[in-house]
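Okay, here's what each chain looks like letter by letter:
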Amino acid sequence: MSTRLAKQGRLIDRSKKIEFSFNGKKLKGFAGDTLASALLANDQMLVGRSFKYHRPRGLVAAGSEEPNALVGLGVGDRFEPNQRATTTELFSGLAAQSQNHWPSLEYDVGELNSKFFSRFLTAGFYYKMFIHPRPFWKHVYEPFIRQSAGLGKAPDKELKDADTYEHFYYFCDVLVIGGGVAGLQAAKTAAASGAKVLVLEEKCNWGGRTPVDGGTIEGLEADAWVAKTVAELDAMDNVTLRTRTMGAGVYDHGYILGYERLTDHAPGQGGPRHRLWRIRATQTVTATGAIERPLSFAGNDVPGVMLAASMRDYVVNWGVTPGQKVVVATNNDDAYRTAISLHEAGVEVVRVLDTRESGGGDLADKVRALGIRVECGRAIAKVKDGKRVTKVAICAQNGEGGAREEIEADAVAMSGGWSPVVHLWSHCGGKLTWDDAQAHFRPDPERAPTGHDGKPFVVTAGCASGPLGLSEVMQDAAAAGARAAEAAGRPATKPAEVATSELVEAPMEAVWLMPAKADIKLRMKTWLDYQNDVKVSDVQLAAREGYESVEHTKRYTTLGMATDQGKLSNINGLAILADTLGAEIPQVGTTTFRPPYHPISMGAIGGEARGDIFQPLRKTPIYDWHDSNGAHWEPVGHWRRPYAYLRSGESIHDAVNREVKNTRDNLGLLDASTLGKLIVKGPDAGKFLDMLYTNMMSTLKIGKCRYGLMCSENGFLDDDGVVARIDEDTWLCHTTTGGADRIHAHMEEWLQTEWWDWKVYVTNATEQLAQVAVVGPNARKVLEKLNAQAGGGMDLSKEALAFMEWKDGEIGGFTARAYRISFSGELSYEIAVAASEGQAFWNALVEAGKEFGVMPYGTECLHILRAEKGFIMIGDETDGTVIPQDLGLHWALSKKKEDYLGKRAQARSHMADPDRWQLVGLETVDGSVLPDGAYAVGNGTNANGQKNTIGRVTSTYYSATVDRGIAMGLVKHGPKRMGEVLDFPGTDGKIYKAKIVEPIFYDKDGEKQNV
Amino acid sequence: MSNAVSALGGASFAGLAKVEETGLGGMITLRGDLASAKVQAAVKAATGAAVPDTRRIVFGDAGAAAWMSPDELLLLVEYERVDAVVAKLGEDLAGEHHMAVNVSDARACFAVSGEAAREVIAKVAPVDLDDGQFEAGTFRRTRFAQIAGAFWLDDAGTFHIVCFRSVAGYMYNLLCAAAHPQSKVGVYA
């Protein structure tokens, strides 16, 4: 059984007991425990079921490489699936649930998969099995697989994450990722040069695994050296230290993501849960250590089989042992340290099986001296299946697994050698080289990730570089720190020699299969990837089926996928692949290392963007008034505009119709502040506008307005609006609401890239002005009343301010600019005042307008009023494929001008094609409203057997003014087909019949606006 | 005029740092050749300040001039004086290709002050706020999370932010969230 030991446990505080629960069972641990160590202390070895075969699975590792111990953590709005027990710090009240089992962890029906069907569930099984018959996938196979497969449960979709998150931008000369002895040494060396240094450590404590492994640095035990060095660094002004912060990804231009877990160990304490550090580092040192590899023997997934160094971590760090009788299997010297640790803790080490015929070095001698039986050239043939290790069969490594000796044991510590953590090095293009002696890929310093200047911006330090011995590690780290500081522009320094103590180790031996010639029955029980249930036999099958590329094999077998991304399985898997293909390992290569190193929360990525700051909302100065006067909001880009103002008991439709009628009969007010207002000034401004607009703007007289169209250089209609000539070299261009920023950028682009020598400046003054459209037969009356109240103001008569003129002056005491322009066909003034006075001006209009029947109107009323007049709307009548000629706007295309943007494009054959669909009005025969976007169908069918389309609806409304449905649409040969009735099939199964008419439904002669 | 109100009516919040909407500020976008003696004289006349270097703000006795782009300055003057200053710029720069536009009402102004002000801003703006990098007189046109903004540090250690008026509410809520009392980073403060 796994239990708490009496003494060991350098990270736990036995005086602080912590209660937590696992699958509802109340358990106890100590402060400093991880969830994993606390589970082991409570003899909870079984932590989950495997993905495909639902085999019982236990803890294999003690860090972020753990593939099995994924739990659902927390409850309700703090529930999160797939949390690693090994990286979860224990806290009071922690509630964890195991995943991937049914009906319970102990008794799982899916385990039958393993017993009876495993020979069918081989590599590529899904692809082979479920492809036929086709409909079965959607209706039979997929629902079945989804029920049985998958990792954790998604959180309840009705609940919102209870926590907040944030980002933090940080800049430094040298970023050190990893706070083990190598990272600390590198940081110390870099900091000594005066560089600004940031050190990130993913765990809550410094020092990495050296304090567990032993050895002295500068005459101090590792723990003491770590404490001293951290204190020294902490005291330096140019050094920042962060624990619980993982270096998650390395990106171009020295951009690094750090993932800080602030309250995961104390949920609900307030403040952000995670903080995403967005770091720009001139140089980055990755001191990310190494990960131990499992050995591939049959039954290596039985709970109780654990990585040797991880088992040592549990003993030394947390004072727990996974078993009482332990077998150690290894191909290197390091695992002997585990035998020593276990022995010192009073745990029986039944046998050390060393695959090397020649055995180990100093450590092996030490183990023998402790009286532990060491056998060389020996291997594990098989661990007996079950929920715990009970029996281990031993055989010769260099055989097929016969002539076994069976011994009793309840845990197995395995070590297949060490692989440097090369992920961060590789994220941005760092290349690897194969180290035959250590049987691992290590970073190739000659092929580092390079920055904008072609020079390396990532340096590795310590085990992450390849060396595993303490002395080499410390020298490498000191050199890395010095190199990074120098590359970051600090003076070159010679790294100090770091004195260390170390035992002599014998070379390791590459072991990819145990025993070396294991038969197929053993290979089918030999796991490579625990998380995805991929076995040696699966990779071999894939290779036989022609999967030579490691990337293809990964997808086919799922080796190295999911949340651990093959931290334990990659090297072992590709070694098997190489062996089966008869290739060398470096020729097969690795799969791509992509960020993040370890999963990070979606919340951290989103940062502060949730709730009221999820997205910026743009508000006009009159927003609050709209909001408290019944506005039904419509999003227009980031703006919110009132769609209609609802009165109590009124439907949206009713409100719109009321607004339409009132504006035609009395007086309407529209908040038009969102319309773009671009000021264009300079000696070449007229020439510039003549190029941008299809019609002539340079000839516009001061004080006059002109409606203009803008096209892209491809000829398509892009934006429209009224242009006013302000003075000799200044124009004010109104754009659509959505066009303000876009057209501003469009103007700047042409001025900066093409006509850079033209003397023109543009300023986007959209937000400087609140603009109110005062519309309807009573428009002039209300404005004149305001002037009368103020004791004077600008003359707003027809004679003084005619249609399509503008004037500066005062209205009702407000400094204002008045435009006589109309998008409604009514008598209309658009009045611009300073945005800061917008609300006051609106209030004055509402107050003074009472006697004239004033009502505000929203965007839907605006749309209907313009449609009744046949005015086009950018985005309705246009969609990026429509040219002005399609809309009958030939009158706005200057024939005098030599050129304008779009002119040449519009002359191309397709653009001049008389078969292009053209704008017409549409009137349903029965007065109903045509469905928006409906297509008109003609005779015959197309190549796909669909009815030919001959037109479509672009705008359609109920018009309260004419009391019937009105619409506009683009129809093939439309203007020549007046009076024809077309069929528009709706999605509701009905066929709508509409007659082609002129697209003006109201006041065809424009008398109302010109009074 | 007495009718003029700022977007948020002077809202303020005290958290890690103090966040305040500081009311209406007079602002002029001036575009022109910044190397021209005439422009430099006009800027001096308007604000008392010299034309600033790249990413700097210079304070004068009647306002300040901030660098916005190679051909654009933001002139800061009293709100009530803006129209007069724009008119004067027009006179001073007659014959010189330029543009001077009142943008005071297009903007919202904020101040962030207190020990943790640097950290609060560093949560939302991708700018190096180390005191060796961002000092009094530094001016930066950047973004605050999802919106455009510009900011500078004054001699008293207060950060001043300007953004578009329409997003004043977003900016305020954003800064308040970043100044949450329990969200101290501990790097600059």
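Predicted, not measured: the structure shown is a model, and the values here were computed from it.

**Quick word on the overall build of chain A**
- In terms of regular secondary structure, chain A is built from 26 helices and 51 strands.
- C-alpha extents for chain A along the principal axes are approximately 115 × 70 × 55 Å.
- Out of the 1011 residues in chain A, the part that is buried amounts to 55%.
- Excluding contacts between residues fewer than 6 apart, the proportion of contacts in chain A whose partners are at least 24 apart in sequence is 66%.

**What to know about the overall build of chain B**
- Helix and strand counts for chain B come out as four helices and eleven strands.
- Computed over C-alpha atoms, the radius of gyration of chain B comes to 17 Å, within 12% of the 16 Å expected from 2.2 N^0.38 for 189 residues, which places it in the range of a compact globule.
- By its C-alpha atoms, chain B is 55 × 40 × 30 Å across when sized along the principal axes.
- Here chain B holds 189 residues, and 51% of them are scored as buried.
- Of the contacts made within chain B by residues no fewer than 6 positions apart, 60% connect residues no fewer than 24 positions apart.

**Here's the deal with the sheet that holds strand β43 (residues 814-819) of chain A**
Residues and elements named next belong to chain A.
- On the basis of which strands lie adjacent, the open sheet formed by six strands has the order β42-β43-β44-β41-β35-β45 and mixed pairing. The sheet terminates laterally at β42 (806-811) and β45 (854-856), the two strands that pair on one side only. If you compare each strand with its neighbour and ignore which way they point, the axes differ by 25 degrees on average.
- Of the pairings in the sheet, the one linking strand β35 (residues 667-671) to β45 comprises three bridges and is parallel in character. Following the sheet pairing, L669 is matched in β45 by P856.
- The strands touched by helix α23 (residues 779-790) within the sheet are β35, β41 (769-775), β42, β44 (828-834) and β45, with β41 carrying the most contacts at an inclination of about 125 degrees.

**Looking at the environment of I18 of chain A**
Residue and element names in this part refer to chain A.
- Here I18 shows up in strand β2 (residues 13-22).
- Judged by C-beta crowding, with 20 C-beta atoms within 10 Å, I18 ranks as buried.
- For the pair I18 and S92, spaced 74 residues apart in the sequence, the C-alpha separation amounts to 5.1 Å.
- Those residues in contact with I18 that sit more than four places away from it in its chain are K28, G29, F30, A31, L90, F91 and S92.

**Let's talk about the interface of chain A and chain B**
- Taken together, the 37 residues of chain A in the interface contact 40 residues of chain B.
- Looking at the side of chain A that touches chain B, the elements with two or more residues in it are β9 (165-177), β36 (676-681), β40 (761-764) and α24 (838-849) of chain A.
- Here the element with the most residues in the side of chain A that touches chain B is β9 of chain A; it accounts for six residues.
- When its residues are assigned to classes, the side of chain A that touches chain B shows 16 nonpolar, eleven polar and ten charged.

**Side note on the UniProt feature "domain: SoxA A3" (unreviewed entry) in chain A**
- Mapped onto this structure's residue numbering, the UniProt feature "domain: SoxA A3" (unreviewed entry) falls at residues 525-606 of chain A.
- Spanning residues 525-606 of chain A, this segment combines 46% helix with 6% strand, and its end C-alpha atoms are found 42 Å apart.

**Description of the packing of helix α14 (residues 536-544) of chain A against helix α16 (residues 570-581) of chain A**
Residues and elements named next belong to chain A.
- Closest axis-to-axis distance for the α14/α16 pair is 9 Å, and the angle between their directions is 45 degrees. As far as their axial angle goes, α16 and α14 are oblique. Judged by the twist between their axes, the crossing of α14 over α16 is right-handed. When α14 is examined against α16, the residues V536, V539, Q540 and A543 are found in contact with a partner set consisting of G573, I576, L577, T580 and L581.
- Partitioned by chemical class, the residues of the contact of α14 with α16 number six nonpolar, three polar and no charged.

**Examining the environment of E810 of chain A**
Residues and elements named next belong to chain A.
- Considering the arrangement of structural elements, one finds E810 in strand β42.
- Taking the C-alpha atoms as reference, E810 lies 9.4 Å from D795; in sequence the two are 15 residues apart.
- Not counting residues within four places of it along the chain, the set of residues in contact with E810 comprises G793, M794, T815 and A816.

**Quick notes on the sheet that holds strand β22 (residues 374-376) of chain A**
Residues and elements named next belong to chain A.
- Pairing within the open sheet is parallel, and its five strands lie in the order β18-β26-β20-β21-β22. Two strands in the sheet have a free side with no partner beyond their single neighbour: β18 (305-307) and β22. Neighbour to neighbour, the strand axes of the sheet diverge by 20 degrees on average, direction disregarded.
- Direction of pairing for strand β20 (residues 325-330) relative to strand β21 (residues 348-354): parallel, over a ladder of six bridges. When the bridges of β21 are listed, V326 appears paired with V349.

**Remarks on the domain arrangement of chain B**
Residues and elements named next belong to chain B.
- For chain B, the domain assignment lists domain 1 (26-105) and domain 2 (110-178).
- Relative to domain 2, the C-alpha centre of domain 1 lies at a distance of 22 Å.
- Taken together, the contact pairs eight residues of domain 1 with seven residues of domain 2.
- Across the side of domain 1 that touches domain 2, the residue classes tally to five nonpolar, no polar and three charged.

**Describing helix α8 (residues 308-318) of chain A**
- Counting buried positions along α8 of chain A gives eleven out of eleven residues, so the element sits mostly inside the fold.
- Inspection of α8 of chain A places A308, A309, S310, M311, R312, D313, Y314, V315, V316, N317 and W318 of chain A among the buried residues, and these make up the whole buried set.

**What to know about the nonpolar core**
- With 257 residues, the main nonpolar core has V174, V197, V772 and V774 of chain A together with I28 and M171 of chain B as its most contacted residues.
- Each of two domains, domain 1 (26-105) and domain 2 (110-178) of chain B, supplies a minimum of three residues to this core.
- For V772 of chain A, the residues in contact, after removing those within four places along its chain, are L669, L670, D671, A672, I831, F841, W842 and L845 of chain A.
- If you look at the next biggest cluster of nonpolar residues, it comprises 104 residues, including V305, A308, V326 and V347 of chain A.

**Examining the packing of α8 of chain A against helix α9 (residues 334-344) of chain A**
All names here are of chain A.
- Put simply, α8 and α9 touch, their axes get as near as 8 Å, and they point 30 degrees apart. In this view, α8 runs roughly parallel relative to α9, as classed from their interaxial angle. Crossing hand, α8 versus α9: left-handed. Across the interface between the two elements, A308, A309, M311, R312, V315 and V316 from α8 touch D334, A335, R337, T338, S341 and L342 from α9.
- Classifying every residue of the contact of α8 with α9 gives seven nonpolar, two polar and three charged.

**Considerations on unusual backbone geometry**
All names here are of chain A.
- A cis amide bond links M514 with the next residue in sequence, P515, at an omega value of -10 degrees.
- On the secondary structure map, P515 appears in the loop between α12 (470-487) and α13 (520-523).
- Residue P595 is joined to P596 through a cis peptide bond whose omega torsion reads -5 degrees.
- Although it is not a glycine, D43 sits at a positive phi angle of roughly 60 degrees.
- By secondary structure assignment, the location of D43 is in the loop between α1 (35-41) and β4 (46-49).

What counts, and at which threshold
- Residues numbered from 1 in each chain as written.
- Chains lettered and ligands numbered in written order.
- Predicted model: local features only at pLDDT ≥ 70, side-chain atom pairs only at ≥ 80, totals over all residues.
- Helix = DSSP H or I, 4+ residues; strand = E, 2+ residues; numbered from the N terminus.
- Buried ≥ 20, exposed ≤ 12 C-beta atoms within 10 Å, placed from the backbone.
- Contact = placed C-beta atoms within 7 Å.
- Rg over C-alpha atoms; globule rule 2.2 N^0.38 Å.
- Pairing = 2+ DSSP bridges.
- Axes fitted to C-alpha atoms, helices over the stretch in contact; angles between N-to-C directions.
- Nonpolar A, V, L, I, M, F, W, Y, C, P; charged D, E, K, R; others polar.
- UniProt positions renumbered as here; feature names shortened; annotations may be inferred.
- Parallel < 35°, antiparallel > 145°, perpendicular 65-115°, else oblique.
- Left-handed = near helix turned anticlockwise from the far one by under 90°.
- Domains from an automatic or database assignment.
- Core = buried A, V, L, I, M, F, W, Y, C linked by C-beta atoms within 7 Å.

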